[in-house]
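Single-letter residue listing:
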Amino acid sequence: MTNASGSRRPDSPAVRTARRVAERSARTKRSVSAPAAQVQENGEAKTRRGWHFTFRMGVVIVVVAALLFSGLNTLRVFLAIRRDIADAKQEIVTTQKRIESLEDQLKRWEDPEYVKTQARERLGWVLPGERGYRVVGPDGQPYGSVAQIQKDESLPQNERIGSAWFAKLWTSVEVADDPSPAEPEIKTVPAPGEEGNG
């Protein structure tokens, strides 16, 4: 396999292997040095490692931000609706309790004994043949929860009978016929002992 001069033949396996190894290393050197050469040719010393902002990355960031914004807005609306539903459920429970209380009170008012008791306690009524007593305090007001009819002057202005809308309307009709002010009529009522004398 060697010739007389001691060199190898050009097509021997060892030469071919050495040639292949040399070609591979030359290709590797060219592929590694090519990007460095391109970077140097552009005049920019950029490294290929790390994060670089690109147009695609900007679009992705904008899309993700829009999705987050719409998702957060939807979440806010969802939580507000849940809160409204919880408030409505609580209001329903409160209203049902009030309805049950009013129905219970209505059933009690159907009992004649309860009505008698309430008439005695609230209004101070007595049955025929009984005597009713009231304990009066030093201020002249009765003790207990005896209901009293309020006088017109003690009511607020908007609850007085004379200030009702229909009363005002009727007064305006009366004044329209006779614009002059009328003299107040004074009635005299005889005392209890003077009725038969006159």
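Just so we're clear, the structure is a prediction, and the values are computed from it rather than from any experiment. Counting restarts for each chain, with residues numbered from 1 along the sequence as it is written. Per-residue local features of the predicted model are confined to residues with pLDDT of at least 70, and side-chain atom pairs are confined, for both listing and counting, to 80 or more; whole-chain, interface and lining totals are unaffected and use all residues. Side-chain calculation: all heavy atoms of the structure are included, whereas hydrogens and water are not.

## Some thoughts on the overall build of the protein chain
Selection rule: Helix numbers and strand numbers start at the N terminus; a helix is a DSSP run of H or I with at least 4 residues, a strand a run of E with at least 2. Relative accessibility decides the category of a residue: with a 1.4 Å probe and only protein chains considered, values under 20% of the type maximum give buried, values over 50% give exposed, and everything between is partly exposed. We call two residues contacting when some pair of their heavy atoms lies within 4.5 Å. The protein chains shown are the only cover counted for residues, whose accessible areas, like all others here, come from Shrake-Rupley with a 1.4 Å probe.
When its secondary structure is counted, the protein chain shows four helices and zero strands. Going from the N terminus to the C terminus, the protein chain shows its helices and strands as α-α-α-α. Within the protein chain, the proportion of its 198 residues that are buried is 6%. Pairs at least 24 residues apart make up 11% of the contacts formed inside the protein chain by residues separated by at least 6 positions. Carbon and sulfur atoms make up 59% of the accessible area of the protein chain, which amounts to about 18,900 Å² in all.

## Brief notes about the pattern of salt bridges
The condition that has to hold: Whenever a carboxyl oxygen of Asp or Glu lies within 4 Å of a side-chain nitrogen of Lys or Arg, that contact is scored as a salt bridge.
Tallied over the entire structure, the rule returns three salt bridges. Close ionic contact of Lys116 with Glu113 constitutes a salt bridge, the shortest N to O distance being 3.8 Å. Taken as a pair, Lys116 and Glu113 lie in helix α3 (residues 112–123) at a separation of three residues, close to a single helical turn. For Glu113, a relative accessible area of 49% corresponds to the partly exposed category. Here Glu130 ties to Arg120 by a salt bridge, and the two come within 3.0 Å at their closest N and O atoms. Taken together, the residues Glu130 in the loop between α3 and α4 (165–177) and Arg120 in helix α3 connect sequence positions ten residues apart. Look at Arg120 and you get partly exposed, because its relative accessible area is 36%.

## Structural notes on the packing of aromatic side chains
Convention followed: In this scheme Phe, Tyr and Trp rings, the latter by its six-membered ring, pair at centre separations within 6.5 Å, and the angle between planes marks the pair as stacked below 30 degrees, edge-to-face above 60, and tilted otherwise.
On inspection of all chains with the given rule, the structure shows one aromatic pair. Look at Trp109 and Tyr114: their rings are 5.1 Å apart centre to centre, the planes differ by 80°, and that puts the pair in the edge-to-face class.

## Observations regarding a nonpolar patch on the surface
To be explicit about the condition: Exposure above 30% relative accessible area and the lack of any salt bridge qualify a residue for a patch; like charges then connect within 9 Å, and the nonpolar side chains Val, Leu, Ile, Met, Phe, Trp and Tyr within 5 Å.
Together, Trp165, Phe166, Leu169, Trp170 and Val173 make up an exposed nonpolar region whose accessible area comes to about 620 Å². Inspection of the secondary structure assignment puts Trp165 in helix α4.

## A short note on a positive patch on the surface
Short version of the rule: Charged-residue counts in this description rest on Lys and Arg as positive and Asp and Glu as negative, His and the chain ends being excluded. Positions of charges follow a simple convention, taking NZ of Lys, CZ of Arg, CG of Asp or CD of Glu.
Together, Arg16, Arg19, Arg20, Arg24 and Arg27 give the surface a local cluster of positive charge. Examined against the element boundaries, Arg20 turns out to sit in helix α1 (residues 13–42). Assessed through its relative accessible area of 46%, Arg20 is described here as partly exposed.

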